Amino acid sequence: MAQEKPSMLVVSAHAADFVWRAGGAIALHAEKGYHVKVVCLSFGERGESAKMWRKPGMDMAQVKLARRQESLKAAEILGVSDIEFFDLGDYPLRVPDEALFRLVDIYREIRPAFVLSHSKEDLYNCDHPLATHVAQEARIIAQAHGHTPEKPVIGAPPVFLFEPHQPEQCNWKPQVLLDITPVWEKKRKAFEVMAAQEHLWEYYTRVARQRGAQAARNSEKAITYGEGYARVFPQVPEVLG
Ligand SMILES: [Zn+2]
């Protein structure tokens, strides 16, 4: 059902990616009254759950369930309005046409003001670039007048790409630095829910401080924590400054 309030769409390859990479943007916009929709293409059950697999007697169903529960808990802390798990598998993620069209339907239904997904390249992870490819392909199909003509096409929501784990290797540059200082405690609390990836907590706190310092340097604002994004399409502002 179409919402009256503005909405944003986050397309996450694995169940935790949206927390590490976009938790600040999610919490910030949720507080501003946006409807936040998150799509997790997989649970990250094979490739991003190493700690869980070290427990004796672990199996795929238990890992998926645990990752789902963590993800739901983190989403609640961040203020996500709606989350869907496509359960397409990871390492490797594979996206059949039904899943692509399901995502197109989501674009048409929520008509996002902007979209967040992964970097276009990631030498360390093939699922991440595939997720962003699918997010962009679905966006283009949702703009096509001949696709399910009974549902109105979407406009041109800007697309912002998450910061990958090692930006230099992924040809990713921070073109947008978002001040997430006001919601930092929520982001930290949300990623502490990710018990399977405890090794990343301090790492992503450092990343947020680094981007915060750079955001302060590129503005006249006191910013402590930041989140970086690359842009896909040209920005179309009313004025330049
Ligand atoms: Zn991931």
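Further up the page is the structure itself.
Sequence positions are assigned chain by chain, starting from 1 and proceeding in written order. Since the coordinates come from a predicted model, pLDDT governs what is reported: local features require at least 70, and pairs of side-chain atoms require 80 or more to be given and counted, while whole-chain, interface and lining totals use all residues. The side-chain quantities take in all heavy atoms of the structure and omit both hydrogens and water.

### Focus: the overall build of the chain
Turning to step 1, where the next piece is worked out: Helix and strand labels come from DSSP, where a helix needs a run of H or I of at least four residues and a strand needs a run of E of at least two; each type is numbered from the N terminus. Within the chain, the secondary structure is distributed over 7 helices and 7 strands.
Turning to step 2, where the next piece is worked out: C-alpha atoms define the radius of gyration in this analysis, and the globule rule sets the expected value at 2.2 Å times the number of residues to the power 0.38. A globule of 241 residues ought to have a C-alpha radius of gyration of about 18 Å, and the chain, at 17 Å, matches this closely.
Turning to step 3, where the next piece is worked out: With the principal axes as the frame, the chain shows a C-alpha extent of 55 × 45 × 35 Å.
Turning to step 4, where the next piece is worked out: The long-range fraction of contacts in the chain, counting pairs at least 24 apart against all pairs at least 6 apart in sequence, stands at 76%.
Turning to step 5, where the next piece is worked out: Accessible surface is estimated by sampling points in the Shrake-Rupley manner with a 1.4 Å probe; for residues, cover comes only from the protein chains shown. By element, 54% of the accessible surface of the chain is carried by carbon and sulfur atoms, the whole surface being about 11,900 Å². The contact definition used throughout considers only heavy atoms, calling two residues in contact when any of these lie within 4.5 Å.

### Topic: unusual backbone geometry
A negative phi holds for most residues other than glycine; trans holds for most peptide bonds.
Turning to step 1, where the next piece is worked out: Geometrically, the link from Tyr91 to Pro92 is a cis peptide bond, its omega value of 10° lying close to zero.
Turning to step 2, where the next piece is worked out: With respect to the element layout, Pro92 can be found in the loop between strand E3 (82-85) and helix H4 (97-110).
Turning to step 3, where the next piece is worked out: A positive phi angle is found at Asp87, which is not glycine, with a value near 55°.
Turning to step 4, where the next piece is worked out: With a phi angle near 45°, Tyr91 is a residue other than glycine that sits in the positive phi range.
Turning to step 5, where the next piece is worked out: Residue exposure (1.4 Å probe, protein chains only): buried if accessible area is under 20% of the type maximum, exposed if over 50%, otherwise partly exposed. Residue Tyr91 is classed as partly exposed on the basis of its relative accessible area of 37%.

### Section: the packing of helix H6 (residues 184-191) against helix H7 (residues 201-217)
Turning to step 1, where the next piece is worked out: Where helices are involved, their axes are fitted lines through C-alpha atoms of the stretch in contact, as for all axes, and angles between N-to-C directions lie from 0 to 180°. One way to put it is that H6 packs onto H7 with a least axis distance of 10 Å and a crossing angle of 160°. Judged by the angle between their axes, H6 and H7 are roughly antiparallel. Both H6 and H7 take part in a crossing whose hand is right-handed. In contact with Trp184, Arg188 and Phe191 of H6, H7 contributes Trp201, Glu202, Tyr204, Thr205 and Ala208.
Turning to step 2, where the next piece is worked out: Taken together, the residues of the contact of H6 with H7 sort by class into 5 nonpolar, 1 polar and 2 charged. Here roughly perpendicular refers to angles of 65 to 115 degrees, roughly parallel to angles under 35, roughly antiparallel to angles over 145, and oblique to all remaining angles. By convention, the crossing between two helices is left-handed when the near helix turns anticlockwise from the far helix through less than a right angle, and right-handed when the turn is clockwise. Three categories are distinguished: nonpolar for Ala, Val, Leu, Ile, Met, Phe, Trp, Tyr, Cys and Pro, charged for Asp, Glu, Lys and Arg, and polar for the others, with Gly belonging to the last.

### Remarks on the layout of surface pockets
Turning to step 1, where the next piece is worked out: The computed volume of the largest pocket comes to approximately 340 Å³.
Turning to step 2, where the next piece is worked out: Around the largest pocket sit 21 residues that line it, and Glu48, Tyr91, Asn125, Gln197 and Leu200 are the ones nearest its centre.
Turning to step 3, where the next piece is worked out: When contributions to the lining of the largest pocket are tallied by element, the ones reaching two or more residues are helix H1 (17-31) and helix H2 (50-53).
Turning to step 4, where the next piece is worked out: At 3 residues, H1 tops the list of elements feeding residues into the lining of the largest pocket.
Turning to step 5, where the next piece is worked out: When grouped by side-chain class, the residues that make up the lining of the largest pocket number 8 nonpolar, 8 polar and 5 charged.
Turning to step 6, where the next piece is worked out: In terms of residue class, the lining of the second largest pocket is made up of 5 nonpolar, 3 polar and 4 charged. A cavity here means a set of 1 Å grid points, computed over protein atoms only, where a 1.4 Å probe fits but cannot escape. A pocket is an open set with protein on both sides within 12 Å along at least 5 of 7 lines, and lining residues have an atom within 4 Å of a point. Grid points are joined across faces, edges and corners, and a volume is the space filled by probe spheres set on the points.

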